[in-house]
Amino acid sequence: MTNPGTTPAARTDGSQDTQDAQAHSTQSPRATLDTALTSSLDDLRRHLTTHLDPAARAWLEHALDEAAAHPGIHGPISAWELRLAEAGRRCGAAYADAARVLILDAARAGTDALTRVYFQGTADERRAVLRALPHLVSGPGALPLVEDALRTNDPRLLTAAVGPYAARHLAPHDWRHAVLKCLFTGVPVDHVADLPRRAQGDGELARMLGDYAAERTAAGRTVPGDLYRVLDLTESATPAPGTDHPHGKES
């Protein structure tokens, strides 16, 4: 795991700033930040270095150094956990998630620490934990956090919950229900990571989508356009046997 507080590659030079600025000129700040959050931690660090104002950059550098110097859980609350709470005020709402992900990485937060932050934190901190999972947890041990988020009706948590970590580790049954939850709550399916691969040839998902469309039609309600997009994906070529689950096994 890369520690952004000490990795030279995480720092920018002039050419990197120029490239980031060029991309920023053709994409919205929200779009480029979402891309950075799902790419590498080095890319995320570069994005923040380019876009934060000097005071916010200085605060973040200090927070990362502090987390790297005192990683892990210490007592009722660790110093880096306090920095998570400050991130919105210090970096601005638009960049708080990214700052929190980097702090969690610098603190070498494992599943236990992420679980504590998730259940003790605010909705914003929970969202950051969900976004950090694909960077910090290699196996399925943090799935209870994703499952908890999928039980909510908070579209921000749902959006973060259906990211790359869920795409890698959610069992087929749970993943299908996550897709349906997005349709129920109006979360665009564009946020469902790896949707084309996981939906490909999934006859059970197609059946569930058909049932949901029939229920809404019978009730005189509009069927979400995203439902037909996912249904089209299920009708694509059937995947090779044994690839239904990311680990090759139906739960």
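Residues numbered from 1 in each chain as written. Predicted model: local features only at pLDDT ≥ 70, side-chain atom pairs only at ≥ 80, totals over all residues. Heavy atoms only, no water.

Asks: How would you explain the packing of helix 4 (residues 54-69) against helix 5 (residues 79-91) if you had to name every residue and give the values?
Replies: Where helix 4 contacts helix 5, the two axes come as close as 10 Å, and the packing angle between them is 170°. Here helix 4 lies roughly antiparallel to helix 5, going by the angle between them. Only Ala79, Trp80, Arg83, Glu86, Ala87, Arg90 and Cys91 of helix 5 make contact with helix 4, whose side of the interface consists of Ala56, Trp59, Ala63, Glu66 and Ala67. Of the residues contributing to the contact of helix 4 with helix 5, the split by class is eight nonpolar, no polar and four charged. (Axes fitted to C-alpha atoms, helices over the stretch in contact; angles between N-to-C directions. Helix = DSSP H or I, 4+ residues; strand = E, 2+ residues; numbered from the N terminus. Parallel < 35°, antiparallel > 145°, perpendicular 65-115°, else oblique. Contact = heavy atoms within 4.5 Å. Nonpolar A, V, L, I, M, F, W, Y, C, P; charged D, E, K, R; others polar.)

Asks: Explain the environment of lysine 181 to me, and be specific about the residues and the numbers.
Replies: Note on placement: lysine 181 falls in helix 12 (residues 172-185). On the basis of relative accessibility, which here comes to 14%, the residue lysine 181 falls in the buried class. Remark: the alpha-carbon pair of lysine 181 and threonine 152, spanning 29 residues in sequence, is separated by 9.5 Å. Once residues within four sequence positions are removed from consideration, lysine 181 is found in contact with Leu150, Arg151, Thr152, Asn153 and Leu158. In terms of polar contacts, lysine 181 uses its side chain to reach the backbone carbonyl oxygen of leucine 150, at 2.7 Å. (Buried < 20%, exposed > 50% of the residue type's maximum accessible area, 1.4 Å probe, protein only. Polar contact = N/O pair within 3.5 Å; in protein donor to acceptor, adjacent residues only side chain to side chain.)

Asks: Kindly report on empty space enclosed by the protein, identifying the contributing residues and their values.
Replies: Counted under the stated rule, the structure contains one cavity of 30 Å³ or more. Size it by volume and the largest cavity reaches roughly 30 Å³. For the largest cavity, the full set of lining residues is Leu48, Thr49, Leu52, Arg57, Leu60 and Glu61. At the level of elements, helix 3 (41-51) and helix 4 are the ones that each hand at least two residues to the lining of the largest cavity. The biggest single contributor to the lining of the largest cavity is helix 4, with three residues. (1 Å grid on protein atoms, 1.4 Å probe; cavity = no way out; pocket = protein on both sides within 12 Å on 5 of 7 lines; lining within 4 Å. Points joined across faces, edges and corners; volume = space filled by probe spheres on them.)

Asks: Please provide a residue-by-residue account of the packing of aromatic side chains, values included.
Replies: Inspection of the entire model under this criterion finds two aromatic pairs. Between tyrosine 118 and phenylalanine 119 the ring centres are 4.9 Å apart and the planes differ by 85°, which places this aromatic pair in the edge-to-face class. For tyrosine 118, a relative accessible area of 0% gives the class buried. Considering the side-chain rings of phenylalanine 184 and tyrosine 212, the 4.9 Å spacing of their centres and the 70° angle between planes classify their relative orientation as edge-to-face. Taken as a pair, phenylalanine 184 in helix 12 and tyrosine 212 in helix 14 (residues 203-218) lie far apart in primary sequence, 28 residues in all. Given a relative accessible area of 9%, tyrosine 212 falls into the buried group. (Phe/Tyr/Trp six-rings, centres within 6.5 Å; stacked < 30°, edge-to-face > 60°.)

Read these as spatial facts, not as claims about activity.
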